[in-house]
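Listed here are the chains, written in short residue letters.
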Amino acid sequence: MFPADVEVRPPVRRGDVETLVSTEKPGTLLIVDGTFHSYPAVGHAELRAALQRGWHIWGLSSMGAIRAAEMESLGMRGYGAVYQRFASDPSFSDDEVALLHSAEPPYRPMSEPMVHIRCFLDSLVVEGKLSVSAAEEVATALKNRWYGYRTHRALSELLPVDDVLRAEHRLKTTDLLRFTEEQPWR
């Protein structure tokens, strides 16, 4: 997926960026996923310090989209549909991108983020398979659950139609794929 000269690391956590910028020459850093539950999230101070040291930092998809929207005025760049939602809608909360995943690579998801569920529900409304009010009921029911309980099973139990969430509803993945295809950092 990534060009050969791109180093892929695990989801970022507090201290990772500080460690990187203290041992490497300034370059481009892409923040996609990050921890926030089992380890503290990547901090604003370490990102600000990296920007001040001359690093170009992009954020998208998940934790990266959150931090890019929060730190755009400091020079962090955002990319993609998820970033746009954080940047343009103050009510779009961090838990919209939260999910449970396995602790080891390839970090398989065990729940589904609300941003994907909302995209799926919107598509069902557009296709005429679900009313706006039914979509809102399903979204509200899942939004009121802890993010780890937002699963495919929970979604299918709430849906009055028989349909499944598909790859095109996974905005976080779509953002990453488009970013790697377009390579705006180059």
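In case you missed it, the structure is sitting above this.
Along every chain, residues carry numbers that run from 1 in the direction the sequence is written. Two thresholds apply to this predicted model, a pLDDT of at least 70 for residue-level local features and 80 or more for giving and counting side-chain atom pairs, whereas whole-chain, interface and lining totals are computed over all residues. Excluding hydrogens and water, the side-chain figures rest on all heavy atoms present in the structure.

(A) How the structure looks around the packing of aromatic side chains. In this analysis, rings of Phe, Tyr and Trp, with Trp reduced to its six-membered ring, are considered paired at centre separations within 6.5 Å, and the interplanar angle assigns stacked below 30 degrees, edge-to-face beyond 60, and tilted for intermediate values. According to the stated counting rule, one finds 7 aromatic pairs in the structure shown. Ring centres 5.0 Å apart and planes at 75° place the aromatic pair Tyr-79 and Phe-179 in the edge-to-face group. Of the two residues, Tyr-79 sits in strand E3 (residues 77-79) while Phe-179 sits in helix H8 (residues 171-182), which places them 100 residues apart along the sequence. Take Tyr-79 and Phe-179: they sit in the same class, and that class is buried. Aromatic pair Trp-146 and Tyr-149: ring centres 5.2 Å apart, planes at 80°, arrangement edge-to-face. The buried label applies to any residue whose accessible area, calculated with a 1.4 Å probe on protein chains only, is under 20% of its type's maximum; exposed applies above 50%, and partly exposed to all values in between. For Trp-146, a relative accessible area of 39% corresponds to the partly exposed category. The class for Tyr-149 is exposed, based on a relative accessible area of 55%. Consider the ring centre and the ring normal. A charge sits over the ring if Lys NZ or Arg CZ is within 6 Å of that centre and within 35 degrees of that normal. If you follow Arg-13 out to its NZ or CZ, it ends over the ring of Tyr-39, 3.3 Å from the centre. Numbering of helices and strands starts at the N terminus; helices are DSSP runs of H or I of at least 4 residues and strands are runs of E of at least 2.

(B) Looking closely at the pattern of salt bridges. Whenever Lys or Arg places a side-chain nitrogen within 4 Å of a carboxyl oxygen from Asp or Glu, that contact is recorded as a salt bridge. For the structure on display, the rule yields 13 salt bridges. Of the charged contacts, one joins Arg-9 and Glu-7 as a salt bridge, the two residues approaching to 3.0 Å between their closest N and O atoms. By relative accessible area, which is 45% here, Arg-9 ends up partly exposed. Look at Glu-7 and you get exposed, because its relative accessible area is 60%. Residue Arg-150 is joined to Asp-95 by a salt bridge in which the shortest nitrogen-to-oxygen separation is 2.6 Å. Taken together, the residues span a long stretch of sequence, with Arg-150 in the loop between helix H6 (132-143) and helix H7 (152-158) and Asp-95 in the loop between helix H4 (80-88) and helix H5 (114-126) at a distance of 55 residues. Assessed through its relative accessible area of 1%, Arg-150 is described here as buried. Accessibility expressed as a relative area gives 24% for Asp-95, which makes it partly exposed. If you follow the salt bridges from partner to partner, you end up with Asp-95, Glu-96, Arg-118, Lys-143 and Arg-150 in one network.

(C) Geometry of H8. Working rule for helices: expected span equals 1.5 Å times residues minus one. The terminal C-alpha atoms of H8, which comprises 12 residues, lie 16 Å apart, in line with the 16 Å expected from a rise of 1.5 Å per residue. Tucked into the core, H8 has its buried residues touching strand E1 (28-31), strand E2 (56-60), E3, H4 and H5. Trailing H8 by a residue or two, Gln-183 shows a phi angle of about 50°, which is positive. Throughout, a contact is declared for two residues whenever any of their heavy atoms are within 4.5 Å.

(D) Expanded view of the nonpolar core. Residues Val-17, Leu-47 and Ile-57 are the most contacted members of the largest nonpolar core, which totals 27 residues. Secondary-structure elements contributing two or more residues to this core are helix H1 (16-23), E1, helix H2 (44-52), helix H3 (63-71), H4 and H5. Here the element with the most residues in this core is H3; it accounts for 5 residues. Leu-47 has contacts with Val-17, Ile-31, Val-42, Ile-57, Arg-67, Met-71 and Met-76, leaving out every residue within four places of it along the chain. Residues enter a nonpolar core if they are buried and are Ala, Val, Leu, Ile, Met, Phe, Trp, Tyr or Cys, with the set joined through side-chain atoms within 4.5 Å.

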